[in-house]
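Understanding the architecture of this molecule
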Amino acid sequence: MDPKAFAFLAAGIGVGLSVIGAGIGIGKLAAAALEAAGRQPEATGKLQTMMIISAALIEGVALIAEIFSLLFVIL
Amino acid sequence: MANTTNLDNTQLQQNHQINEHATHSTDTTAHSDNQAHAEEGNVMIKILSEHLLDHNSYDFYGVFHFDLPIIFYDNGFHFYANKKAMEAEGTFKEIHHEFVKADTGNPPQLNLSITSLVMFQWIAMLLLFFGFWTAAKKYKKNPEKAPSGLQNLIETLAIYVRDEIVRPNVTSESLANRLTPYFISLFFFILTMNLMGLIPGGHSPTGNLAVTAGLAITAYFVINGSSILHQGFGHWIKEFTGGAPWGIWFIMIPIEILSMFTKPFALTVRLFANMTAGHAVILSLVGLIFLLQTLVVVPIVTGFTLFIYSLELLVAFIQAYVFTMLTAVFVGLAQGHGEHSTEHH
């Protein structure tokens, strides 16, 4: 197989794996936040802020992985 | 693309063998078909790069087009009105989309050209300047009147940034008051740049690593500078130990120094990737119509594009919020650690 094909394959697999990771992370985060909001509805505003920050951090890691995958294809 | 071409070729050869009457002409037509396919792929990549990358000219869907000035620093400044003027002058030339010196083939020491993304940043600055100026004029005219229109929009967002982002995170009140203008400008600047990419013919400068890196570098100086100014240089150095016992300093100090640089790096990549990803998804979806060349996919693609577009609108706000929020959190952390450790000692 052409080495370029391997690069595409690696990028595809890499993106898929990072998306799985981010999906699990954000899913768990949202579940926990919703549960907490259900128990204590008055803390919803505070929870939302904290949830968005954590989501951004989780997403950041996944996006870094995706950028590297993009670089595999471009370079 | 290369794979499909190979596949077409093998099919073609099989057809050739089966159909002995296959003439030379069919072969050539098939070949040109392949070429057309490859060219379409290139056109898609060209459109993608036109929307996502930086250029020395601005093109509004072929309706109008203008060149932007090129400025180089190479042992003295070189100014050119556009690319043609640069090539006519002869000191520099363009090879493979890169500007190099005609005699040595090296790139210029500094490329300070006013590119399309710089232009869009300036447009964002002008929009913000006039927006805030009109709002400020209204406050001066009748300070007692309830805000309305643009003034209302700006006041709502500015107060949100102050009360929900800066004050809860930057615990010291005097520092929070001093940094609020920075955070408000940061939020509005990023938001305007994000939204610009969603207007037809617009580009979002935040979809470029250089722009987001610039924003993150200023954030880096604000985070460390505010810590040094507010708590003193000695305290800032002490931060690196993280308030841990001296036995684990050899782990703590490298980690703290590393985290000082990973914070702005994460800010850079997050904003860049979020903005680029949205544009790339929309353009790939639209590109499907032209690659598959059927009208069947149009309603599906339009629906998906509309969905992604509204998602983009949401992301534009969220990313401006997240960038500002995280900078505020980091400023707060740079303060908080110190206060915490002084309380204990």
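Residues numbered from 1 in each chain as written. Chains lettered and ligands numbered in written order. Predicted model: local features only at pLDDT ≥ 70, side-chain atom pairs only at ≥ 80, totals over all residues. Heavy atoms only, no water.

Considering the overall build of chain B
Operational definition: Only runs of H or I of at least four residues qualify as helices and only runs of E of at least two qualify as strands under DSSP, and these elements are numbered from the N terminus. Working definition: with a 1.4 Å probe on protein chains only, accessible area under 20% of the residue-type maximum means buried, over 50% means exposed, and in between means partly exposed. Residues count as neighbours in contact if any of their non-hydrogen atoms are within 4.5 Å of one another.
The helix and strand inventory of chain B stands at ten helices and seven strands. The buried share of chain B, taken over its 345 residues, is 38%. Put simply, of all contacts in chain B between residues at least 6 apart along the chain, 64% involve residues at least 24 apart.

Concerning the sheet that holds strand β7 (residues 110-111) of chain B
All names here are of chain B. To keep it simple, the criterion reads: Any two strands are treated as partners once DSSP identifies two or more bridges connecting them.
Taken together, the three strands give an open sheet; going across it, the order is β4-β3-β7, and neighbouring strands pair in antiparallel fashion. In the strand order of this sheet, the two ends are held by β4 (77-80) and β7, each with one partner. Two strands pair when backbone bridges link them, and strand β3 (residues 70-73) and β7 are joined in this way by two bridges, in the antiparallel orientation. Across the sheet, residue Tyr 73 finds its bridge partner in β7, namely Leu 110.

Considering the nonpolar core
Where a protein is soluble and globular, its nonpolar side chains tend to be buried together. Quick reminder of the rule: The set of buried Ala, Val, Leu, Ile, Met, Phe, Trp, Tyr and Cys residues whose side-chain atoms join them within 4.5 Å is what this entry labels a nonpolar core.
Counting 50 residues, the largest nonpolar core has Phe 183, Phe 187, Phe 188, Leu 215 and Val 331 of chain B as its most contacted members. Every element with two or more residues in this core is listed here: α2 (44-74) of chain A together with α4 (116-141), α5 (150-169), α6 (173-196), α7 (209-231), α9 (249-292) and α10 (297-344) of chain B. In terms of residue count, the dominant contributor to this core is α6 of chain B (14 residues). Residue contacts for Phe 188 of chain B: discarding those within four places in its chain leaves Leu 128, Phe 132, Ile 154, Leu 157 and Ala 158 of chain B.

What about the interface of chain A and chain B?
To keep things clear, this is the line we draw: The term buried area denotes the loss of accessible surface (1.4 Å probe radius) that occurs when two parts are joined, taken as the sum for both partners. For salt bridges, the criterion is a side-chain nitrogen of Lys or Arg within 4 Å of an Asp or Glu carboxyl oxygen.
Counting residues at the interface gives ten residues for chain A, matched by twelve residues for chain B. In total, about 1,000 Å² of surface goes out of reach between chain A and chain B, with carbon and sulfur atoms giving 82% of it. The largest share of the area that chain A buries against chain B comes from Ile 53, Leu 63 and Ile 67 of chain A, three residues that together contribute 37% of it. The interface formed by chain A and chain B holds zero salt bridges in total.

Remarks on the side chain of Gln 151 of chain B
The topology assignment puts Gln 151 of chain B in helix α5. Once you skip the residues sitting within four places of it in the chain, Gln 151 of chain B turns out to touch Ala 135, Lys 138 and Tyr 139 of chain B.

A short note on the packing of α6 of chain B against α7 of chain B
Residue and element names in this part refer to chain B. This is how the line gets drawn: Under this scheme, a helix contributes an axis fitted over its contacting stretch, all axes are lines through C-alpha atoms, and angles between N-to-C directions fall in the 0 to 180 degree range. Any angle that falls under 35 degrees is termed roughly parallel, while one over 145 is termed roughly antiparallel, one within 65 to 115 roughly perpendicular, and all others oblique. Each residue is assigned to one class: nonpolar for Ala, Val, Leu, Ile, Met, Phe, Trp, Tyr, Cys and Pro, charged for Asp, Glu, Lys and Arg, and polar for all the others, Gly among them.
The contact between α6 and α7 brings their axes to 12 Å, and the two run at 175°. It follows that α6 is roughly antiparallel to α7 by the angle criterion. In contact with Ser 174, Leu 175, Leu 179, Tyr 182, Leu 186, Phe 189, Ile 190 and Met 193 of α6, α7 contributes Val 211, Leu 215, Thr 218, Ala 219, Val 222, Ser 226 and His 230. In terms of residue class, the contact of α6 with α7 is built from eleven nonpolar, four polar and no charged.

Some details on the pairing of strand β2 (residues 64-67) of chain B
All names here are of chain B. In this structure, strand β1 (residues 57-60) lies alongside β2, joined through four bridges in antiparallel fashion. Residue Ser 57 lies in a different strand from β2, and its bridge partner there is Asp 67. Hairpin connection of β1 to β2: three residues between the antiparallel strands, including Tyr 61 at a positive phi of 45°.

As for the packing of α4 of chain B against α5 of chain B
Residues and elements named next belong to chain B. The interhelical angle for the contact between α4 and α5, taken along N-to-C directions, is 100°, at an axis separation of 9 Å. On the basis of the axis angle, α4 is roughly perpendicular to α5. Contact residues: Gly 131, Phe 132, Thr 134, Ala 135, Lys 138 and Tyr 139 in α4; Leu 150, Gln 151, Ile 154 and Glu 155 in α5. Partitioning the contact of α4 with α5 into residue classes produces five nonpolar, three polar and two charged.

Considerations on the domain arrangement of chain B
Our working definition: Each domain's extent was defined by an automatic or database domain assignment.
When its domains are assigned, chain B resolves into domain 1 (69-111) and domain 2 (116-334). In this structure, domain 1 of chain B and domain 2 of chain B have C-alpha centres spaced 33 Å apart.

Here's the deal with the packing of aromatic side chains
All names here are of chain B. Let me state the cut-off plainly: Two rings from Phe, Tyr or Trp (for Trp, the six-membered ring) form a pair when their centres are within 6.5 Å of each other. A pair whose planes differ by under 30 degrees is stacked, one over 60 is edge-to-face, and the rest are tilted. A positively charged side chain is recorded as over a ring if its NZ (Lys) or CZ (Arg) lies within 6 Å of the ring centre. The angle to the ring normal must also be within 35 degrees.
Summed over all chains, the structure comprises ten aromatic pairs over all chains. Their ring planes at 90° and their centres at 5.0 Å tell us that Phe 132 and Phe 188 sit as a pair that is edge-to-face. With Phe 132 in helix α4 and Phe 188 in helix α6, this residue pair connects regions lying 56 residues apart in the sequence. Among the aromatic residues, those joined into a ring-pair cluster are Phe 129, Phe 130 and Trp 133. Against the face of Trp 133 rests Lys 137, its NZ or CZ located 5.1 Å from the ring centre.

As for the pairing of β4 of chain B
Taken residue by residue, a regular strand's side chains alternate between the two faces of the sheet. Residues and elements named next belong to chain B. Pairing of β3 with β4, which is carried by four bridges, proceeds in the antiparallel orientation. In the strand pairing of β4, Ile 70 is matched with Tyr 80. Counting the residues between successive antiparallel strands, the hairpin from β3 to β4 contains three residues, one of them, Asn 75, with a positive phi of roughly 50°.

Structural notes on the environment of Leu 229 of chain B
Residue and element names in this part refer to chain B. Looking at where Leu 229 falls in the secondary structure, it is placed in helix α7. You can call Leu 229 exposed: its relative accessible area is 70%. Measuring from C-alpha to C-alpha, the distance between Leu 229 and Leu 175 comes to 9.7 Å, with 54 residues separating the pair along the chain.

Some words on the side chain of Ser 172 of chain B
All names here are of chain B. Test applied: Any pair of N or O atoms that falls within 3.5 Å is considered a polar contact. Within protein, one atom must be able to donate a hydrogen and the other to accept it, and sequence-neighbouring residues count only if both atoms are side-chain atoms.
Its location among the elements puts Ser 172 in the loop between α5 and α6. Ser 172 gets classed as buried once you look at its relative accessible area, which sits at 12%. At 3.2 Å, the side chain of Ser 172 and the side chain of His 230 are in polar contact.

Topic: unusual backbone geometry
At Gln 293 of chain B, a residue that is not glycine, the phi angle is positive and equals roughly 55°. Within the secondary structure layout, Gln 293 of chain B lies in the loop between α9 and α10.

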